[in-house]
Amino acid sequence: MRNPLFVIAFMILSALPSTAQIDLHSHAITKGYLDYIKANGAEMDEGFPLPSWDVEQHIAFMDKAGIQTSVLTMPAPQPWFGDAEASAAVCRSYNEECAALKARYPGRFMFCAALPLPDVPHALEEARYALEVLGADGVKLATNSYGQYLGDSALDTLMAYLDQQNAVVILHPHKPSAVNAQLVAEL
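For clarity, every value in this text was computed on a predicted model and none was experimentally measured. (Residues numbered from 1 in each chain as written. Predicted model: local features only at pLDDT ≥ 70, side-chain atom pairs only at ≥ 80, totals over all residues. Heavy atoms only, no water.)

Colleague: Could you give an account of the overall build of the protein, with specific residues and numbers?
Modeller: For the protein, the helix and strand inventory stands at seven helices and seven strands. Walking the protein from its N terminus toward its C terminus, one meets helices and strands in the order α-β-α-α-β-α-β-α-β-β-β-α-β-α. In the protein, which comprises 187 residues, the proportion classed as buried is 45%. Within the protein, contacts between residues separated by at least 24 positions form 78% of all contacts whose residues are at least 6 apart in sequence. Counting every atom, the protein has about 9,400 Å² of accessible surface; 58% of that belongs to carbon and sulfur. (Helix = DSSP H or I, 4+ residues; strand = E, 2+ residues; numbered from the N terminus. Buried < 20%, exposed > 50% of the residue type's maximum accessible area, 1.4 Å probe, protein only. Contact = heavy atoms within 4.5 Å. Areas by Shrake-Rupley, 256 points an atom, 1.4 Å probe, with all protein chains shown as cover.)

Quick look at the structure:
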């Protein structure tokens, strides 16, 4: 797989006017995502609270800062609390909201899809839907999803699909985990 930071910078820069300012690291904190995180007591999982977010305020900030386009991604933490279906539903809703923002504000927003990792089958399904149906500009991968790091062989099918699609991948830092939580639970 190619260097994801180079790929995203190249693809985004080639799609915009040469004078455009681009925010490559921006988060949309949607109500559904935030409600799910709070319902699971995870609003402080990364060591700091998630701020409130509003699209109009975000655009006002962009205008003030001279930013033409923001690439939206889901913030940390991953919406995973052991329920694969619920995590997949949160990611699907999040991606659909980001696709709607991209359509509603042409040229202002791009988005890299959220995937319900560490559940690889649902993540692969969501990657396909986001890239092929919603028109996501790429995907966001956490540096680790509750102990599942990017080199984990369980991710091979997902990585092969992303590579086959020449998908843009944004790597986002998440709080390190010493060991895979599932592995510890099975001991």
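Colleague: Which residues make up the sheet that holds strand β1 (residues 22-27), and what values go with them?
Modeller: Read across the open sheet, the five strands follow the order β1-β2-β3-β4-β7; overall the sheet is parallel. A single partner strand is all that each edge strand has here, and the edge strands are β1 and β7 (169-172). Direction aside, neighbouring strands of the sheet carry axes that sit 30 degrees apart on average. Strand direction decides the pairing type here: β1 and strand β2 (residues 69-73), joined by four bridges, are parallel. What sits directly across from Asp-23, in β2, is Ser-70. (Pairing = 2+ DSSP bridges. Axes fitted to C-alpha atoms, helices over the stretch in contact; angles between N-to-C directions.)

Colleague: Outline the pattern of salt bridges, listing residues and values.
Modeller: Tallied over the full model, the rule gives five salt bridges. One salt bridge in this structure joins Lys-31 and Asp-35, with 2.6 Å as the shortest N-O distance. Taken as a pair, Lys-31 and Asp-35 lie in helix α2 (residues 31-39) at a separation of four residues, close to a single helical turn. Residue classification places Lys-31 among the exposed positions, given a relative accessible area of 61%. A relative accessible area of 39% means that Asp-35 is categorised as partly exposed. Among the salt bridges present, the one from Glu-56 reaches Arg-104, with a minimum N-O distance of 3.8 Å. Of this pair, Glu-56 sits in helix α3 (residues 55-65) while Arg-104 is found in helix α4 (residues 84-104), placing the two residues 48 residues apart along the sequence. (Salt bridge = Lys/Arg side-chain N within 4 Å of Asp/Glu carboxyl O.)

Colleague: Give a description of the side chain of His-172 that names residues and reports values.
Modeller: Topologically, His-172 is positioned in strand β7. Side chain to side chain, His-172 and His-27 meet in a polar contact 3.1 Å long. The contacts of His-172, once residues within four sequence positions are left out, are His-25, His-27, Ala-76, Lys-140, Leu-141, Ala-142 and Thr-143. (Polar contact = N/O pair within 3.5 Å; in protein donor to acceptor, adjacent residues only side chain to side chain.)

Colleague: Go over the pairing of strand β3 (residues 109-113), please, and point to the residues and values.
Modeller: By the criterion of burial, β3 is predominantly enclosed, with five of the five residues buried. Taking every second residue as pointing to the same face, both faces of β3 are buried, with Phe-109, Phe-111 and Ala-113 on one and Met-110 and Cys-112 on the other. For β2 and β3, the ladder comprises three bridges, and the chain directions are parallel. Residue pairing for β3: Ser-70 is matched across the bridge by Phe-109. In this fold, the crossover linking β2 to β3 by way of α4 has right-handed handedness. Here β3 runs beside strand β4 (residues 138-142); their pairing, made up of two bridges, is parallel. Bridging across to β4, Ala-113 finds its partner in Val-139. (Right-handed = clockwise from strand over helix to strand, strands pointing away.)

Colleague: Explain the layout of surface pockets to me, using residue names and the numbers behind them.
Modeller: In this structure, the second largest pocket spans a volume of roughly 180 Å³. Contributing to the lining of the second largest pocket are 15 residues, with His-27, Ile-29, Phe-48, Leu-50 and Pro-75 lying nearest its centre. Ranked by the residues each element gives to the lining of the second largest pocket, the list is headed by β1, at three residues. (1 Å grid on protein atoms, 1.4 Å probe; cavity = no way out; pocket = protein on both sides within 12 Å on 5 of 7 lines; lining within 4 Å. Points joined across faces, edges and corners; volume = space filled by probe spheres on them.)

Functional significance is not addressed by these values, which are geometric in nature.
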